[in-house]
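Tertiary structure, described
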Amino acid sequence: MNLTRRDLVTGAMAAGAAMAASIAPRISARAQTTTAQHVVEIHRFKFLPDTLKVNAGDTITWINKDIVPHTATAADKSWDTGKIKKGERQTVVVTNGFHENYYCRFHQNMKGAVSVES
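Predicted, not measured: the structure shown is a model, and the values here were computed from it.

Across the sheet, 4 strands lie side by side as β2-β1-β4-β6; this open sheet has mixed pairing. This sheet does not close on itself; its edge strands, each paired only once, are β2 (46-48) and β6 (89-93). With direction set aside, neighbouring strand axes in the sheet form an average angle of 25 degrees.

The next thing to look at is the pattern of salt bridges. A side chain with one charge may pair with a side chain of the opposite charge, provided their charged atoms come close. Under the definition given, this model contains 2 salt bridges. Residue Glu 41 is joined to Lys 65 by a salt bridge in which the shortest nitrogen-to-oxygen separation is 3.0 Å. Of this pair, Glu 41 sits in strand β1 (residues 37-43) while Lys 65 sits in the loop between β4 (59-64) and β5 (73-74); the two residues are 24 residues apart in sequence, bridging distant segments of the chain. Since its relative accessible area comes to 29%, Glu 41 is described here as partly exposed. Given a relative accessible area of 43%, Lys 65 falls into the partly exposed group. Note that Asp 80 is salt-bridged to Arg 105, the shortest N-O span being 2.8 Å. Of this pair, Asp 80 sits in the loop between β5 and β6 while Arg 105 sits in the loop between β7 (101-103) and β8 (111-116); the two residues are 25 residues apart in sequence, bridging distant segments of the chain.

Attention shifts here to the side chain of Thr 81. Here Thr 81 lies in the loop between β5 and β6. One polar contact links the side chain of Thr 81 to the main-chain amide nitrogen of Ala 72, over a distance of 3.0 Å.

So, about the sheet that holds strand β3 (residues 51-54). The 4 strands lie next to each other as β3-β8-β7-β5, forming an open sheet whose pairing is mixed. Edge positions in the sheet fall to β3 and β5, since each of these pairs with one other strand and no more. Bridge count between β5 and β7: 2 bridges; the pairing is antiparallel. Along β7, the bridge assignment pairs Ala 74 with Tyr 102.

On β1, burial follows the alternation: His 38, Val 40 and Ile 42 on one face are buried, whereas Gln 37, Val 39, Glu 41 and His 43 on the facing-out side are not. Inspection of the sheet shows β1 paired to β4 by 6 bridges, in the parallel sense. Residue pairing in the sheet places Gln 37 in a bridge with Thr 59 of β4. Sheet analysis places β1 next to β2, joined by 3 bridges and oriented antiparallel. Bridge assignment links Ile 42 to a residue of β2, and that residue is Phe 47. Joining the antiparallel neighbours β1 and β2 is a turn of 2 residues, in which Arg 44 adopts a positive phi near 55 degrees.

Rules behind the numbers
Residues numbered from 1 in each chain as written. Predicted model: local features only at pLDDT ≥ 70, side-chain atom pairs only at ≥ 80, totals over all residues. Heavy atoms only, no water. Pairing = 2+ DSSP bridges. Helix = DSSP H or I, 4+ residues; strand = E, 2+ residues; numbered from the N terminus. Axes fitted to C-alpha atoms, helices over the stretch in contact; angles between N-to-C directions. Salt bridge = Lys/Arg side-chain N within 4 Å of Asp/Glu carboxyl O. Buried < 20%, exposed > 50% of the residue type's maximum accessible area, 1.4 Å probe, protein only. Polar contact = N/O pair within 3.5 Å; in protein donor to acceptor, adjacent residues only side chain to side chain.

Set out below in structure tokens:
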């Protein structure tokens, strides 16, 4: 069988198109998945807002606007921002199984909640 250059190019193009078609659904599914960025300000010894609705994959950034350090620490201690000094920020990525209630380790009367939708 004698293949011409045209036969080879046509075959390569067909193979490429078939491969692109097979991965298109995966690319589309990824492209539709969006993550959100949430901000919680720490001000006057409060988390503002004190309750957030988030999805797995979202990020939450705590910004300390108080003059003293604070933390955002899961009630079960499964995640912790560490010490956040005045003017600093710390970010956590929400994962499946993310513990929803949190507090400040230095000021345990400061409490917040994260509601993970999915």
